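# Coordinate inspection notes
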Amino acid sequence: MTAKLFRNSTAVAVSVMVLSIALFLGMLYQHFSDQLMTELETETWLVAQGVELNGMDYLDGLNTENRVTWVDRDGTVLYDSQADAATMENHGDREEIQQALTDQSGTARRYSSTLAQQTLYAARRLSDGTVIRVASAQQTVVTLLLSMVQPILIILALALLLSAVLASRMAKRIIRPIVNLDLEHPEDCDTYEELTPLLFRIKHQNDTIQQQVRQLRQKQQEFAALTENMSEGFLLLDRQGHVLSYNSGALRQLGAQTPKEEVNALVLNRSENFRQAVDEVLSGHRSQQMLHLNGRYCQLLANPVMQGEEQMGAVMVLLDVTEQEQREDLRREFTANVSHELKTPLTSISGIAEIMQSGMVKAEDVQGFASDIYQEAQRLIALVEDIIRLSQLDEGAVNVEREDVDLYQLALEVVKRLESAAQKQDVTIKTMGRSVQVHGVRRVLDEMIYNLCDNAIKYNRRGGTVAVTVGPVEGGVEVSVEDNGIGIPAEDQDRVFERFYRVDKSHSKDISGTGLGLSIVKHGTAFHDGQIHLESTPGKGTTVTLLLPQTGVNA
Ligand code: ADP
C-alpha cells in the first residue's frame, strides 16, 4: 500500500508538473508571438513611413533581418527583400494584404512557401494604395523557447526528486497509523476518523468471535468431561475411517496408545474382528463384533452416521463385557459340572437297580445293594441341597430375616453335631474363644462353620486335631478353623473356592464331597460383607479364617 501511495502521488506530481510546464511553454509561445507581431506591426509602420517618403530608395537602403515586400494595388509584387520580385506570384490573395487594402492594416500567421517556414505577417496600406508587408519567421519564437528548455529540464528534475522524497514520506506518514492499528482492541485506536466505522465493525466481529470461541470451548470441555468419564469406549470416524474423536475408554479397550496425529481407525487395533467392523460400518452397514484383548472381552457396536442418503462417517461404542462373559463362562461350566455330578450317582443307582431287576441278586446281597443305593441317593440329596444353597446365595435370595447370632454358641453347636464324624476319623475337635454377636442369617452362618469344620475333619489324618476359635478382633469378629491335616498345595489354594473344584480328584475320590462346600463359605461370607483368608501347608495343615463385621452387643 505504501508503494502504491508513493507511485500514485509521484505520478500525480509528475503529471501536474508536465502539464504546468506545457501550459507555461504554450503561454510563453503565445506571449512571444504576440510580442513579435506587435514589433512586426511597428516595424511595418516605420517601413511604410519610409517608403511613403523615399519610395524604392528607402527599401534599397533598408537593413533588416525581416523580409520586406512591397505589393501593388493589384497584388503584383513590386519589391521583396529576400526574393526576386519579378518571379514572385501575385500576392493579392494574401490574407494580410487583403486586410490592409480594406482596413489600412492587416496581420496573418501561416506557412510561407517562399521562406519555407511558419511565418508572421504584418501589412500596411500606403497613401497610394500599395501595401508594405513585413514578415518574420515564427522560428524566432521557437528559438526563444528552446533556449529555456535546459533550465526547465533542470527544474523539472529537481521537482521530480523533491516530489519523490515528499511522496515517499507522505505515503509512510499516511500508512503508519493504519499499520499501527491494534485490531485486538480497535476501540482504543487513535487513528483516522474515516476508519471509525471499520474499527467499530472489527470490534463487533471480535466480540462475536470471542463469544463463539468461549461457547465452543465450553461445549468441548463438557463433551470431553462427559466422554472421558464414560466407562464405555467411544470413537467417531469420518467417511475415510480417520479418527475424529475418541475417549480414553476406547483407547484402553482397544489397547491403543494416544495417537499423536490424526490416524486411521485401523491403526488402533489390528484384530480381524475390529477390521471387519470398520470395513462394514464404512460401507454403510451396522456392525457388532466381540473383541478379545489382554484377557478382557469388549463388545463393539458400530453404526454409520448418515446425512440424508450420504454417509458422513461412523460412530463406534465399545462396552467392556468381561464380567458378563466370565459369568456366562462360569454358568456354562457350572451347568456342565452339575450335569456330570448328578449323572454319576444316578448312573450307579440305575446300574444297581438294573441288576436287582434282573433277579440275579442273591437275597443276602440285597441289603448291600440297597445300602449302595441309599449312599448314592444321600450323595444326590447333598449335592442338590448344596446347589440350591449356592444359587440362593448367588442371587441374594436368602429371604430369612437377619438376627443377632452368637457365633461362639453356633460353633459349639456345629462341633457337637460333627463330634461323631470326628471320632470316626480319630480326629479331636475343640472350640475356643468367647461369645461374639454378628447380625446375620443363622442358617447361612451355620452352614459356613459346618463346611469349614467338616473339611477340617475330612481332610485330616488319623489322630489329627481341629481347633475352632471364635472371638473379637480389630475391625470385626473372627472365626478360624485350624487343622493339622493333609493341607492344600499352593497352586490349588486360590482355586478351592471355585465351584466343584476338588484338589487332586483321584486322591479325594475316597473322601465324600461335592466340591461346593468352600464355594458356599465364600458366598456366605460375601453375603455378610466379610472376608475370607486361607493359609495352608501341604502335610502340615490348613487354617481358614473368616472376618465378619461386628454388629450387635458382645456378651
Ligand atoms: P468338598 O465337598 O470336596 O469338600 P469343598 O469346596 O469344601 O468341597 O473343598 C474343595 C476342596 O478343597 C476339597 O475337595 C479339598 O481337596 C480341599 N480342601 C478343603 N478344605 C480342606 C482342608 N481343611 N484341608 C485340606 N484340603 C481341603
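Read on for a plain summary of the structure. Please read all numbers here as calculations on a predicted model, not as lab measurements. (Residues numbered from 1 in each chain as written. Predicted model: local features only at pLDDT ≥ 70, side-chain atom pairs only at ≥ 80, totals over all residues. Heavy atoms only, no water.)

### Thoughts on the pattern of salt bridges
Evaluated as defined, the whole model comprises 22 salt bridges. Between Glu-310 and Arg-239 there is a salt bridge, with its nearest N and O atoms 2.7 Å apart. One end of the pair, Glu-310, is in strand S10 (residues 310-320); the other, Arg-239, is in the loop between strand S6 (233-238) and strand S7 (243-246), and 71 residues separate them in sequence. The salt bridge partner of Glu-272 is Arg-275, with a shortest N-O separation of 2.8 Å. One end of the pair, Glu-272, and the other, Arg-275, are both in helix H7 (residues 272-282), 3 residues apart, so they sit about a helical turn from each other. Salt bridges sharing partners connect three or more residues here, namely Glu-385, Asp-386, Arg-389, Arg-443 and Glu-447. (Salt bridge = Lys/Arg side-chain N within 4 Å of Asp/Glu carboxyl O. Helix = DSSP H or I, 4+ residues; strand = E, 2+ residues; numbered from the N terminus.)

### What to know about the sheet that holds S6
The 5 strands are arranged S7-S6-S10-S9-S8 in an open sheet whose pairing can be described as antiparallel. Both edges of this open sheet fall to S7 and strand S8 (287-293), since each of them pairs with a single strand only. Between one strand axis and the next, the sheet turns through 20° on average, direction left out of account. Taken together, the 7 bridges between S8 and strand S9 (residues 296-307) define a ladder with antiparallel strand orientation. Looking at S9, one finds that Gln-288 is bridged to Leu-301. Packed onto the sheet, helix H8 (residues 322-357) meets S8, S9 and S10 and runs at close to 130° relative to S9. (Pairing = 2+ DSSP bridges. Axes fitted to C-alpha atoms, helices over the stretch in contact; angles between N-to-C directions. Contact = heavy atoms within 4.5 Å.)

### Details of empty space enclosed by the protein
Following the criterion strictly, the structure yields 1 cavity of 30 Å³ or more and no others. Along the walls of the largest cavity sit Glu-341, Pro-345, Arg-379, Leu-383, Gly-513 and Thr-514, which together make up its complete lining. Elements that contribute at least two residues to the lining of the largest cavity include exactly H8 and helix H9 (366-394). (1 Å grid on protein atoms, 1.4 Å probe; cavity = no way out; pocket = protein on both sides within 12 Å on 5 of 7 lines; lining within 4 Å. Points joined across faces, edges and corners; volume = space filled by probe spheres on them.)

### Observations concerning the site of the ligand
Residues in contact with the ligand amount to 19 residues; listed here are only the nearest, Asn-455, Tyr-459, Arg-502, Thr-514 and Leu-518. Take Asn-455: an N or O atom from its side chain is 2.8 Å from an oxygen atom of the ligand. At 2.8 Å, a backbone N or O of Thr-514 approaches an oxygen atom of the ligand. Bound to the protein, the ligand loses 96% of the 530 Å² it would expose on its own. Among the elements of the structure, helix H11 (442-458) and helix H13 (517-527) are those that each provide at least two residues to the shell around the ligand. Each residue belonging to the shell around the ligand can be placed in one class, and the counts come to 9 nonpolar, 7 polar and 3 charged. (Near = heavy atom within 4 Å. Polar contact = N/O pair within 3.5 Å; in protein donor to acceptor, adjacent residues only side chain to side chain. Areas by Shrake-Rupley, 256 points an atom, 1.4 Å probe, with all protein chains shown as cover. Nonpolar A, V, L, I, M, F, W, Y, C, P; charged D, E, K, R; others polar.)

These figures come from the coordinates and say nothing about function on their own.
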